Amino acid sequence: MSNLVVTSFIFLLLAGCASSQDVSDLELVPFTRLPEQLKECSGMVYLGDGLYLGNNDSGNPPDLILFTLDHGDDIKRIRIKGTDNVDWEELATDIEFVYIGDTGNNNGSRKELSVYKVKKAEILDGLQANAERIRFTYPNQKNPVKGKKHNFDCEAMICIGDSLYVFTKNRGNGNTDVYSFPKLAGSYEARFIGSFAAGGLITGADFRMLDTAGELALVGYMVKDKGYHPFILHFKNVAVPGFFQSIPSRYIFSGKLQTETILFTEGNTVFISNEEEHGDQGYIYRVNLD
């Protein structure tokens, strides 16, 4: 796939706010192919020691794929026992656990959503792993909705401290809403935190702490001209849970690509990946946010 040229444009968070700095003439470079087992990769995390973990979305078995970037002998499939892949859309992690976001809700027919909590040690050591279940609902979704023009789909999730945070994919208004709930097994009504005018559909998230503040990266795409046009939102100096209080840099990529995941790597770089849809091959791309 040819390289994609990245540009940035001025983005206003609220009326009267300062604009973000322009970023121009960057390239999105294909870094490596996704494993053959991840044709519909919708979530990806790094487990350390060169090992990455990914998942496929709806219509696939309830499996996680452990792989290395050189696609050597470390690739293996782990079955998550007692679960169904209704629509697995994201992975998040902390020191001990991996969290699988069964949060996809394209048609609005799901009201109770799930996150599966799996021990990293079981993922690394075997071909099967047990899961605890975290159930949640949105406080403002009173009944299942019909059709895709709604604000209760979700493909992006992060873990910070004792909570999980989900960022919605709003076909209804083009925003992304962030909600939180505990990362302990149980049933919860999620807590609404805030909303941001994303200008597109958010499909992945990652967060990391740097000294006294954090940074948040969101990836998604705009639907236009019968195609998906990817972008990244990069929020610096984030004070949890005020994710949207800082002014983001926004990167828009030329070309059409169904981007699904984002992951911080070394320095100021991120990995993003795409699904093998519309004839595209599945790649991991490396982007320098400088």
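Residues numbered from 1 in each chain as written. Predicted model: local features only at pLDDT ≥ 70, side-chain atom pairs only at ≥ 80, totals over all residues. Heavy atoms only, no water.

Enquirer: I tried to follow the sheet that holds strand β13 (residues 163–168) on my own but got confused; where do I start?
Expert: Backbone hydrogen bonds hold the strands of a sheet together, and the pairing may be parallel or antiparallel. Across the sheet, 4 strands lie side by side as β12-β13-β14-β16; this open sheet has antiparallel pairing. Unpaired on one side and paired on the other, β12 (154–160) and β16 (191–196) mark the two borders of the sheet. Direction aside, neighbouring strands of the sheet carry axes that sit 25° apart on average. In this sheet, β13 lies alongside β12 in antiparallel orientation, the contact comprising 6 bridges. Counted as the bridge partner of Cys-154 is Thr-168 from β13. (Pairing = 2+ DSSP bridges. Helix = DSSP H or I, 4+ residues; strand = E, 2+ residues; numbered from the N terminus. Axes fitted to C-alpha atoms, helices over the stretch in contact; angles between N-to-C directions.)

Enquirer: Would you take a moment to explain the nonpolar core for this structure?
Expert: In terms of nonpolar packing, the biggest core is built from 21 residues, with Ile-158, Phe-167, Leu-216, Leu-218, Phe-243 and Phe-244 touching the most fellow members. Broken down by secondary-structure element, the contributors of at least two residues to this core are β12, β13, β17 (201–210), β18 (213–224) and β19 (227–238). For this core, the element with the highest residue contribution is β19, accounting for 4 residues. Beyond its immediate chain neighbours, meaning those up to four positions away, Ile-158 contacts Ala-92, Ser-163, Leu-164, Tyr-165, Phe-167, Ala-205, Asp-206, Phe-207, Leu-216 and Phe-243. Formed by 17 residues, the second largest nonpolar core is a distinct cluster that contains Ala-92, Val-115, Tyr-138 and Phe-181. (Core = buried A, V, L, I, M, F, W, Y, C linked by side-chain atoms within 4.5 Å. Buried < 20%, exposed > 50% of the residue type's maximum accessible area, 1.4 Å probe, protein only. Contact = heavy atoms within 4.5 Å.)

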